[in-house]
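Residues per chain, in single letters:
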Amino acid sequence: MTSKDNFEFAHEHRKEVAWMSQNTNTLPVHPAILDAIRRSADDREFNLYPRKAGIFGLPEAIRADLALGEADMILTNGGIEGEYIATRALLKPGDEALSTDPAFLPIHDQVAMAGAHAVEADIYRKPYVLTPELALESLTPATKMLLVIDPNNPLGSGYARSQVKGLAEIAKDHGLWLIDDITYRDFNADHVLATDFYPEKTLLSYSFSKGPGLAGMRIGAILGPPDAIKALRKYDTNVLGVNVLAQRAALAALHAKKEWLPEVRRVCEQNQETIRRTVAKVDGASLPVFPSKANMFVIDLAPTGVNPEAVEERLLLDHYVHTRAGSYLSKTHGGKFLRVSFTVPEADCKRFADAFPAVMDKLAA
Ligand SMILES: Cc1ncc(COP(=O)(O)O)c(C=O)c1O
């Protein structure tokens, strides 16, 4: 079965599956978020096109969440649409965007849609981030953009303040756009925005999918200085705004953030520890990055000789635990690892803990 078939199976059995495959969040949703969605539906707010700038209070709440005074923004159908708009608007054929391997590769496909090329600097080795030194080595005269995913998907590695500063300085010295993909920021209490060092040409890709668990709502934003956002608007296809129920959910999530975030982080810490103990039981399997600064990390299986795609399939079909093999996230190293997300109920993580050693044992035989 292909990964696509696995997703078909997982969706068919959604209620029984431990969803550890997409860095989504299946923990209980804060009641204020559900109330906001229900109220909007009851009020039939959906009869109208939403206010283009966003429902009153939402842009302000996003800026407050990031402690940003100045930034302008476009609300989008998930963060990924903002990245499409940005790469489309700022890159032209022949340009290069410097990114990493592993990374969230759909963004590299978007770079290609602009006729440009994503250069993938290898970070599947210590310290598992794009260091300023590696970035400098990887620049070419065609580089026009730096794409930093912080924390990184799939590795779960986070950038230290000095590293963010170093990358921002390189971008500044070379006049590059810097896309700071902060999709997983909520999971990292020490996160630093690249905007702190290079506000002129940094764009923040912001998402509501992971922390508050709103992936299916498809709501996010791209933020940056007003002149940059003005340039992006040329490729904004949402002239009629984005889903109003999603906007209500997003606003409620920000208002209630102090109430749900500590619990989400606590579960992540607990589940990571459960997975760490599980992986330690399997000869040859290891966690390159621990602890993760995000809600996922990778399990390296290379020394075991077991194919991660076979592990994905057996975990799903035999145990209803859905994880993701690495080929989706790295052309070079994807055959070595399995990515596991852990913003799931502790009982689901326990199911992974029971199933993983058994599956590895069976496949190694
Ligand atoms: C690094 C990264 N950027 C962007 C996205 C897209 O997120 P959204 O659901 O906000 O479109 C993802 C989704 O997994 C991601 O991992």
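Residues numbered from 1 in each chain as written. Predicted model: local features only at pLDDT ≥ 70, side-chain atom pairs only at ≥ 80, totals over all residues.

Participant: Which parts of the structure should I look at to understand the overall build of the chain?
Facilitator: Broken down by element type, the chain carries 12 helices and 12 strands. Its C-alpha atoms give the chain a radius of gyration of 20 Å, near enough to 21 Å, the size a compact globule of 365 residues would have. The C-alpha extent of the chain, read off along each of the three principal axes, is 60 × 55 × 35 Å. Taking all 365 residues of the chain together, the buried fraction comes to 50%. Once local pairs closer than 6 in sequence are excluded, the contacts in the chain between residues at least 24 apart make up 74%. (Helix = DSSP H or I, 4+ residues; strand = E, 2+ residues; numbered from the N terminus. Rg over C-alpha atoms; globule rule 2.2 N^0.38 Å. Buried ≥ 20, exposed ≤ 12 C-beta atoms within 10 Å, placed from the backbone. Contact = placed C-beta atoms within 7 Å.)

Participant: Sorry if this is basic, but what is going on with the nonpolar core here?
Facilitator: Within soluble globular proteins, side chains that are nonpolar generally end up buried alongside one another. Judged by nonpolar contacts, the single largest core of 71 residues is most densely connected at Leu146, Leu167, Leu178 and Ala250. For this core, the element with the most residues is helix H9 (residues 244-255), which contributes seven residues. Counting 38 residues, the second-largest nonpolar core is a separate cluster that includes Val17, Cys268, Phe352 and Val359. (Core = buried A, V, L, I, M, F, W, Y, C linked by C-beta atoms within 7 Å.)

Participant: Mind showing me how you'd approach the environment of Arg38 here?
Facilitator: Position of Arg38 relative to the elements: it lies in helix H2 (residues 31-42). Residue classification places Arg38 among the exposed residues on the basis of 12 C-beta atoms within 10 Å.

Participant: Would you mind showing me how to read helix H5 (residues 106-113) here?
Facilitator: An α-helical turn contains 3.6 residues, so a residue and the one three or four places further along point in the same direction. Those residues of H5 lying buried are Ile107, His108, Gln110 and Val111. One side of H5 carries all its buried residues, which in axial view fall inside an arc of 155°. Residues Pro106, Asp109 and Met113 are exposed on H5 and point more than 90 degrees away from its buried face. Buried-residue contacts for H5 involve helix H4 (79-90), strand E3 (96-101), strand E4 (117-122) and strand E5 (143-149). Taken from the residues just after H5, Gly115 is the one with a positive phi, measuring 85°. (Arc of directions from axis to C-beta.)

Participant: How should the site of the ligand be read in this particular structure?
Facilitator: Taken together, 13 residues form the shell around the ligand, and within it Gly78, Gly79, Ile80, Ser207 and Ser209 come nearest. Among the residues forming the shell around the ligand, the class breakdown is four nonpolar, eight polar and one charged. (Near = placed C-beta within 6 Å. Nonpolar A, V, L, I, M, F, W, Y, C, P; charged D, E, K, R; others polar.)

Participant: What am I meant to see in the packing of helix H3 (residues 58-66) against H9 here?
Facilitator: Two packed helices can be described by the angle between their axes and the distance between those axes. Remark: H3 packs on H9, axes separated minimally by 10 Å, with the N-to-C direction vectors making an angle of 40°. When the axes of H3 and H9 are compared, the pair comes out oblique. Where H3 crosses over H9, the handedness of that crossing is left-handed. Note on element contacts: H9 touches H3 through Gln247, Ala250, Leu251, Leu254 and His255, opposite Leu58, Ala61, Ile62 and Asp65. Each residue belonging to the contact of H3 with H9 can be placed in one class, and the counts come to six nonpolar, two polar and one charged. (Axes fitted to C-alpha atoms, helices over the stretch in contact; angles between N-to-C directions. Parallel < 35°, antiparallel > 145°, perpendicular 65-115°, else oblique. Left-handed = near helix turned anticlockwise from the far one by under 90°.)

Participant: Would you explain unusual backbone geometry in this entry?
Facilitator: Peptide bonds are, in most cases, trans, and in most cases residues other than glycine have a negative phi. Cis geometry is adopted by the peptide bond preceding Pro127, which originates at Lys126 and carries an omega value of 0°. Looking at where Pro127 falls in the secondary structure, it is placed in the loop between E4 and helix H6 (132-138). Residue Pro154 is reached from Asn153 by a cis peptide bond, and omega for that bond is 20°. Structurally, Pro154 can be placed in the loop between E5 and helix H7 (161-173). Of note, Ala67 is a non-glycine position whose phi angle comes to about 55°, a positive value. Among the secondary structure elements, Ala67 is positioned in the loop between H3 and strand E2 (72-76). At Arg218, a position not held by glycine, the phi torsion is positive, near 55°. If you trace the backbone, Arg218 turns up in the loop between strand E7 (202-207) and strand E8 (220-224).

Participant: I would appreciate a short explanation of the pairing of E2 in the present structure.
Facilitator: If a strand is regular, its side chains alternate between the two faces of the sheet. For E2, the buried fraction is high: four of the five residues fall into the buried class. By the bridge criterion, five bridges tie E2 to E8 in an arrangement that is antiparallel. Pairing of Asp72 across the sheet is with Gly224, part of E8. (Pairing = 2+ DSSP bridges.)

Participant: Got a minute to help me understand the pairing of E4 in this structure?
Facilitator: Across six bridges, E3 lies against E4 in parallel orientation. Residue pairing across strands places Glu96 opposite His117, the latter belonging to E4. Traced from E3 through H5 to E4, the parallel crossover comes out right-handed. (Right-handed = clockwise from strand over helix to strand, strands pointing away.)

Participant: Please clarify how the packing of helix H11 (residues 308-319) against helix H12 (residues 346-364) should be interpreted in this entry.
Facilitator: Packing of H11 against H12 brings their axes to within 10 Å, and their N-to-C directions diverge by 125°. Considering their axes alone, H11 and H12 lie oblique with respect to each other. H11 and H12 meet at a crossing whose hand is right-handed. Facing H11, whose interface residues are Ala310, Val311, Arg314, Leu315 and His319, H12 presents Arg351, Ala355, Phe356, Val359, Met360, Lys362 and Leu363. Along the lines of polarity and charge, the residues of the contact of H11 with H12 split into eight nonpolar, one polar and three charged.

Participant: Before we go on, may I ask you to explain the environment of Ser157 in this structure?
Facilitator: With respect to the helices and strands, the residue Ser157 is situated in the loop between E5 and H7. Residue Ser157 is classed as buried on the basis of its 25 C-beta neighbours within 10 Å. Placed 31 residues apart in sequence, Ser157 and Asn188 show a C-alpha to C-alpha distance of 9.8 Å. Excluding its chain neighbours within four sequence positions, the residues that come into contact with Ser157 are Tyr128, Val129, Pro151, Asn152, Val289 and Lys293.

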